[in-house]
Structure formats: C-alpha cells, structure tokens
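# A closer look at the structure
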Amino acid sequence: MKNLVVLSGAGMSAESGIPTFRGADGLWEGYRIDEVATPYAWEQDFRKVLQFYNERRRGVLQAKPNRGHEILAELESLANVHVITQNIDNLHERAGSSKILHLHGEITKSRSTKNPRLIYDIDGADLKEGDLCALGSQLRPHIVWFHEEVPMMEPAISITYTADVFLIVGTSLQVYPASGLVQYVKPGTPIYVIDPSASTIPGAENFKVISEGASVGMEKFRQMFLEEYGY
Ligand code: APR
C-alpha cells in the first residue's frame, strides 16, 4: 500500500460549520490573537482565554465530520494514511481516521501549567477556573499558542518523509513551522492540494490542484488516486 500523508487545516472543517482563521469571516477577524492565543494573553487574562476556548469547544462538540473527513477515513482501505492536522478539533477522529497527529494541540484536552506532560481529557464543554492538575496548578487548554514551541514537529517531519503521495487540504500554508512540512516531502513525490482558493497557496504552481471544497475535493482526489495507483 502507498503511504498517503495528509496535511489538513481549518478548511477541512469549514463544511462542518467551524470557521477558518483567515477567510472573509475568519476567526481572527473577531478576536485579537494576542488577547486569546498567546502565553502573554494567558498571563494577562486567563479567564478570557478559558472562555475563548470554551466557546470554540462547544462549537466543535456540536459540529459533525463532513464528507471530506469521512472520505479521508475511507481511504484507509486503499492506502496507509497518516493525517497531520493543524486543527484542534476532533473531527478526523470522529470520522474514523486512525493515524492522526495534532500539530497545534487538541481542544478536547487540557494540560498542567506546571508540568506540560500532565495532559487530561476535558469532560464536557468547559474548562473552568479552579480546574487543577495533579500538582494543584490551573489547567490550560492543550493548544499550541503563537510564540510557543510545536513539540510534534519532529514526528510530523518523519512521517512527511515517508510519503509516497502528499495531500494538502484546507490550509493557507501561512503559519510556520507547519507550512514548512512541504519542504520535507521527498523530491519527486506527487503533491496534491484541495482548496477552493488553491491559487493563493504558496508553491501551488508545483502541486496537482483540485480547486474544490473538502467534500467534493476529497471525492475527486479518491478517483484520481484510484486511477493513478489503481487497486
Ligand atoms: N474546503 C477546503 N478548503 C477550504 C474551504 C473548504 N470548504 N473553505 C476554505 N478553505 C481554505 C481557504 O481557502 C484557506 O486556504 O482553507 C484555508 C484556511 O486557511 P486558514 O484560515 O489560514 O487556516 P489554516 O491554514 O489552518 O491556519 C493555520 O493558523 O491561526 C493559526 O493555529 C491556527 O492552525 C491554525 C493555523
């Protein structure tokens, strides 16, 4: 089986009703990143940060995987699929994908502000003031904020290097180091991109472009994959 490595971004979940970041009604249109998604924001007003992620978590829990997530999970019958996602939602998991690496954390988890290795599932929608880790410190969202290290980058690079086919779905490739993963695809490996505005993706001129949303685009990709690598 071919190794299919997928890098997904917010556009993967757009058809599930979860806003992207830099689109017309993008999330960062409504919030200042330095007020809700940086260590400084947490130091200045951790209650505001907790509320920001509680609101987003409720949206994720109400959302459902779309056909794009489902087709990606179905592709596991045709290929050895690894999903590397920038998304903090759990829609890939809920659609049935089995090998998923979250580069920017997971909104359904919290972690200790004393020891980052202490990670907990969040039961229900909210993480509250006074929810403490085993060491007695306030729990924070298990999310990689801007200006923080991306601890899963090394494993993501190793996975990317194994790709026989690399698929980019729903990301503007504007945020580093995640966007840098494309540099680790072995030369000569076909790279596909699924994005309605794929022409704005850096490097898209070298990619096989499917200018569609995730649901339609994933179906077209599946057809191309079957034709190219027929089973
Ligand atoms: N299907 C596929 N792609 C779509 C769809 C859709 N229905 N709708 C929009 N898109 C595309 C947009 O054209 C854009 O290229 O999804 C991409 C979304 O880009 P961003 O909003 O920048 O999201 P993303 O690339 O995931 O952001 C990366 O930035 O804010 C940080 O940590 C956050 O993980 C996030 C990172």
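To be clear, the structure that these remarks concern was listed above.
Our subject in this report is the structure included herewith. The residue count restarts for each chain, going from 1 along the sequence in the order it is written. Local features in a predicted model are, by the rule used here, given only for residues with pLDDT of at least 70; side-chain atom pairs are given and counted only at 80 or more, and totals for whole chains, interfaces and linings are based on all residues. Only hydrogens and water are removed before side-chain values are computed, so all heavy atoms of the structure are retained for them.

## Here's the deal with the nonpolar core
The set of buried Ala, Val, Leu, Ile, Met, Phe, Trp, Tyr and Cys residues whose side-chain atoms join them within 4.5 Å is what this entry labels a nonpolar core. Exposure is judged per residue with a 1.4 Å probe applied to protein chains only, and the accessible area is read against the type maximum: over 50% gives exposed, under 20% gives buried, and values in between give partly exposed. Within the largest apolar cluster, 25 residues are counted, with the highest numbers of intra-cluster contacts made by Ile84, Leu103, Phe166, Ile168, Leu181 and Phe207. Secondary structure elements are defined from DSSP: runs of H or I of at least 4 residues count as helices, runs of E of at least 2 residues count as strands, and each element is numbered from the N terminus. Breaking this core down by element, the ones donating at least two residues are strand 1 (3-8), helix 7 (153-161), strand 7 (165-169) and strand 8 (191-194). In terms of residues, this core owes the most to one element, helix 7, which gives four residues. Two residues form a contact once any of their heavy atoms are found within 4.5 Å. In contact with Phe166, other than residues within four places in its own chain, are Val5, Leu7, Thr160, Val182, Val185, Thr189, Pro190, Ile191 and Tyr192.

## Topic: the site of the ligand
In the vicinity of the ligand there are 22 residues, among which Arg22, Thr171, Ser172, Asp195 and Ser197 approach most closely. In the analysis that follows, any N or O atom pair within 3.5 Å is treated as a polar contact, provided that within protein one partner can donate a hydrogen and the other can accept it, and provided that, for residues neighboring in sequence, both atoms belong to side chains. In this structure, Phe21 approaches the ligand through a main-chain N or O atom, which is 2.8 Å from an oxygen atom. For the area figures, the Shrake-Rupley method with a 1.4 Å probe applies, and any residue is considered shielded solely by the protein chains shown. Protein chains shield 88% of the accessible area of the ligand, which is 740 Å² for the free molecule. Amino acids outside the nonpolar list (Ala, Val, Leu, Ile, Met, Phe, Trp, Tyr, Cys, Pro) and the charged list (Asp, Glu, Lys, Arg) are all regarded as polar, and Gly is one of them. Taken together, the residues that form the shell around the ligand break down as nine nonpolar, 10 polar and three charged. Where a domain begins and ends is set by an automatic assignment or by a domain database. Summarising the domain contributions, the shell around the ligand has at least three residues from each of domain 1 (1-17 + 65-104 + 150-231) and domain 2 (19-62 + 123-143). Distances are taken per atom, and a residue is near a molecule or strand as soon as one of its heavy atoms is within 4 Å of it.

## Considerations on the pairing of strand 7
Most of strand 7 is tucked away: five of the five residues are buried. With burial as the criterion, each face of strand 7 is covered, one bearing Val165, Leu167 and Val169 and the other bearing Phe166 and Ile168. A strand pair is defined by DSSP finding two or more bridges across the two strands. Where strand 1 meets strand 7, five bridges bridge the pair, whose relative direction is parallel. Across the sheet, Val6 pairs through a bridge with Leu167, a residue of strand 7.

## Looking at the layout of surface pockets
Empty space among the atoms becomes visible once a probe the size of a water molecule is rolled across them. The pocket and cavity definitions rest on a 1 Å grid over protein atoms only: a 1.4 Å probe that fits but cannot leave marks a cavity, an open set with protein on both sides within 12 Å along at least five of seven lines marks a pocket, and residues lining either have an atom within 4 Å of a point. Grid points are joined across faces, edges and corners, and a volume is the space filled by probe spheres set on the points. Computed from the structure, the second largest pocket encloses a volume of approximately 310 Å³. Lining the second largest pocket are 15 residues, with Arg111, His142, Val144, Pro151 and Met152 positioned closest to its centre. Taken together, the residues of the lining of the second largest pocket sort by class into eight nonpolar, three polar and four charged.

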